[in-house]
Amino acid sequence: MNDKPNSIEARDIAYHLHPYTNAKKHLEAGPLVIDRGEGIYVFDNNGKRYIEAMAGLWSVGVGFNEERLVNAATEQMKRLPYYHTFTHKSHGPVIELAEKLVGMAPVPMSKAFFTNSGSEAIDTALKLIWYRANALGQPERKKIIVRNRAYHGVTIAAACLTSLPANHRSFDLIVPDVLRMTCPHHWREALPGESEEDFATRLAKELEDTILAEGPETIAAFFGEPVQGAGGVVVPPATYWQKVQAVLRKYDILLVADEVICGFGRTGTMFGSTTYGIEPDIMVMSKQLSSSYLPASALMMNDRVFGPIMEESDRIGTLGHGYTASGHPVAAAVALENLKIIEERDLVGNAAAMGRRLRDGLDALTDHPLVGEVRGVGLIAAVELVTDREARTALETPGALGALVNAHLQEAGLISRAMTDAIAFCPPLIITEGEIDELLSLFRIGLDKTLAALPKGSVRA
Ligand SMILES: Cc1ncc(COP(=O)(O)O)c(C=O)c1O
């Protein structure tokens, strides 16, 4: 850390409380200050270059210096920098974006509603689902089903649907009746000798048993990320979603696909729902919607959801929900241009092709003593780190090995993310073959440096 009293690092320490950071440790460690971006790279304030192998927070699909997005924002700022969408008001960019999203949806959707973050969109989905249940005269239908290791955000309701301990501890969350199913991670959760198919069947049965035990008429919806992201890049068994959907349909339970990470190409098709044949009633989108150049998120709903909401808003007199920046014109203009770029440059096809190269390269590391499992789909992957491959365990403190590897990667010029002891890769969709190879060679360097730094005898290959 730079300890000059007026350095940018010292001022960050003095004035800035960081999200997802140990606030006390930050006083000592200080920030990594990122100064500029170029393609898949970012540069810190000392000029050091890093591959941004997480696309920021799984989000900067088109890379870090896309002029067309800058121009789209500038033009819209000049024309109409702000207007709202309350009380029947509208504007060109939000109308065009709503039409575009409904047109892109993998299953028939009726309407798009705009929000500013993934968490707000999830909260909105939950509120609309409860509103709908009341509209249908089913006030008891309020319970929500999620999976262990789910990540749906951090606002109070979204954090309740998230199933990661750090998002709950000491926060006194208040949404009742959230039911948590087994995480569909075969490597971790399968019984000895259980095939992926049998594992998926068992999880579908767990879901059905839970629904029956609780009373189907009390369950409002199932929320799920097609591929769980922050919970460790959990790629479900091939038939998992098919089996889960069959159960939900049987009991008339809504399915919400949280496409915040998977949406717009990440899994090698336009949506995670496309990759897994998911037919959601609600889709939640953010991140790659605008490549995070500006905050933007949205949810789409089908007629089954919209119809009762429409009736209830008429009964009450208004839909009493919305944000000052719902459908912000500058964010909407940026999102539209971003989607145009994704389509014109076939970044979805590139994600599929580069994802295969990334996966092949990671698979080639499975003989490394610290690599327990490689998993991924499209251009999202994770490597589970272990110090004992047979026992599938890492160092005694969960997350210690992940943090160590991550620190070595950062030193080598690769920004990744450790989720407990899994290292995630989710680079910008524009990544090239040469850049994938560079990422892989930096990863190997980080693994080797970590191995060399661990005490002798602590690793069982
Ligand atoms: C799947 C998923 N849902 C929701 C969210 C919450 O989004 P935000 O951080 O914009 O509130 C995230 C964020 O990473 C996410 O990955």
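Residues numbered from 1 in each chain as written. Predicted model: local features only at pLDDT ≥ 70, side-chain atom pairs only at ≥ 80, totals over all residues. Heavy atoms only, no water.

Considered domain by domain, the chain is made up of domain 1 (32-65 + 346-453) and domain 2 (68-344). The gap between the C-alpha centroids of domain 1 and domain 2 is 26 Å. Of the roughly 2,500 Å² buried between domain 1 and domain 2, counting both surfaces, carbon and sulfur atoms make up 62%. A per-residue breakdown of the area domain 1 buries against domain 2 is headed by Trp58, Val348 and Arg392, which together make up 24% of the total. Counting the contacts that link domain 1 with domain 2 gives one salt bridge. Between Glu384 and Arg188 there is a salt bridge, and its shortest N-O distance comes to 3.4 Å. Run the count over domain 1 and domain 2 and you get 19 residue pairs in polar contact (both at pLDDT 80 or more). (Domains from an automatic or database assignment. Buried area = accessible area lost by both parts, 1.4 Å probe. Salt bridge = Lys/Arg side-chain N within 4 Å of Asp/Glu carboxyl O. Polar contact = N/O pair within 3.5 Å; in protein donor to acceptor, adjacent residues only side chain to side chain.)

Let's shift gears to helix H14 (residues 347-363). For an α-helix, the turn length of 3.6 residues means that residues three or four places apart are oriented alike. For H14, which comprises 17 residues, the first-to-last C-alpha distance of 23 Å matches the rise-based estimate of 24 Å (1.5 Å per residue) to within 8%. For H14, every residue scored as buried is listed here: Leu347, Val348, Ala351, Ala352, Met354, Gly355, Leu358, Gly361 and Leu362. For H14, the secondary structure elements touched by its buried residues are helix H13 (329-344), strand E11 (371-377), strand E12 (380-385), strand E15 (422-425) and helix H16 (433-453). (Helix = DSSP H or I, 4+ residues; strand = E, 2+ residues; numbered from the N terminus. Expected span 1.5 Å × (residues − 1). Buried < 20%, exposed > 50% of the residue type's maximum accessible area, 1.4 Å probe, protein only. Contact = heavy atoms within 4.5 Å.)

The next subject is the site of the ligand. The full set of residues close to the ligand is Ser117, Gly118, Ser119, Tyr151, His152, Gly153, Glu225, Asp258, Val260, Ile261 and Lys287. Within the backbone of Gly118, a nitrogen or oxygen atom sits 2.8 Å from an oxygen atom of the ligand. Within the backbone of Tyr151, a nitrogen or oxygen atom sits 3.4 Å from a nitrogen atom of the ligand. Taken together, the residues that form the shell around the ligand break down as three nonpolar, five polar and three charged. (Near = heavy atom within 4 Å. Nonpolar A, V, L, I, M, F, W, Y, C, P; charged D, E, K, R; others polar.)

Looking now at helix H10 (residues 240-250). Regarding H10, the residues found buried are Tyr240, Trp241, Val244, Gln245, Val247 and Leu248. An end-on view of H10 places all buried positions within 160° of arc, on one side of the element. Turned more than 90 degrees from where H10 packs its buried face, Gln242, Arg249 and Lys250 sit exposed. Turning to H10, the residues buried within the fold contact strand E5 (143-147), helix H9 (196-214), strand E7 (219-224), strand E8 (254-258) and helix H11 (272-276). (Arc of directions from axis to C-beta.)

It is worth spelling out the side chain of Glu52 at this point. For Glu52, the position within the fold is in strand E3 (residues 49-52). Despite its burial, Glu52 pairs with no opposite charge; the closest candidate is Arg266, at 9.2 Å N-O. Among the polar contacts listed, one links the side chain of Glu52 to the backbone nitrogen of Gly56, at a separation of 3.2 Å. Sequence-distant contacts of Glu52, that is, excluding residues within four places in its chain, are made with Ile40, Tyr41, Val42, Phe64, Ile415, Pro427 and Pro428. (Lys, Arg positive; Asp, Glu negative; His and termini not counted.)

Okay, the sheet that holds strand E2 (residues 41-44) next. Adjacent strands of a sheet pair through backbone hydrogen bonds, lying either parallel or antiparallel. Spatially, four strands are ordered E1-E2-E3-E13 in an open sheet, and the strand pairing comes out mixed. With one partner strand each, in any of the chains shown, strand E1 (34-38) and strand E13 (414-415) form the two edges of the open sheet. Sheet topology note: the E1/E2 ladder contains four bridges and is antiparallel. Each residue of the ladder has a partner; that of Ile34, found in E2, is Asp44. On the sheet, H16 packs against E2, E3 and E13 and is oriented at approximately 105° with respect to E3. (Pairing = 2+ DSSP bridges. Axes fitted to C-alpha atoms, helices over the stretch in contact; angles between N-to-C directions.)

Now for the pairing of E7. Counting buried positions over the six residues of E7 gives six, a clear majority of the element. Where E5 and E7 come together, three bridges link them in parallel fashion. When the bridges of E7 are listed, Ile145 appears paired with Phe222. Taken together, E7, H10 and E8 form a β-α-β motif whose crossover is right-handed. (Right-handed = clockwise from strand over helix to strand, strands pointing away.)

Turning to the pattern of salt bridges, a few remarks are in order. A full pass over the atoms with the stated rule returns 25 salt bridges. Close ionic contact of Glu279 with Arg249 constitutes a salt bridge, the shortest N to O distance being 3.2 Å. Placement of Glu279 in the loop between H11 and strand E9 (282-285) and of Arg249 in helix H10 is noted, with a sequence separation of 30 residues between them. In this structure, Glu312 engages Arg315 in a salt bridge whose closest nitrogen and oxygen atoms are separated by 2.8 Å. A residue pair is termed a helical-turn pair when its members lie 3 or 4 positions apart in one helix, as Glu312 and Arg315 do in helix H12 (residues 303-316) at three residues.

Here the structure, examined in full by the defined rule, presents zero disulfides. No disulfide involves Cys160; its sulfur sits 19 Å from that of Cys183, the nearest cysteine. For Cys160, a relative accessible area of 3% corresponds to the buried category. Unpaired in this structure, Cys426 has its nearest cysteine sulfur neighbour in Cys262, at a distance of 8.9 Å. (Disulfide = S-S within 2.5 Å.)

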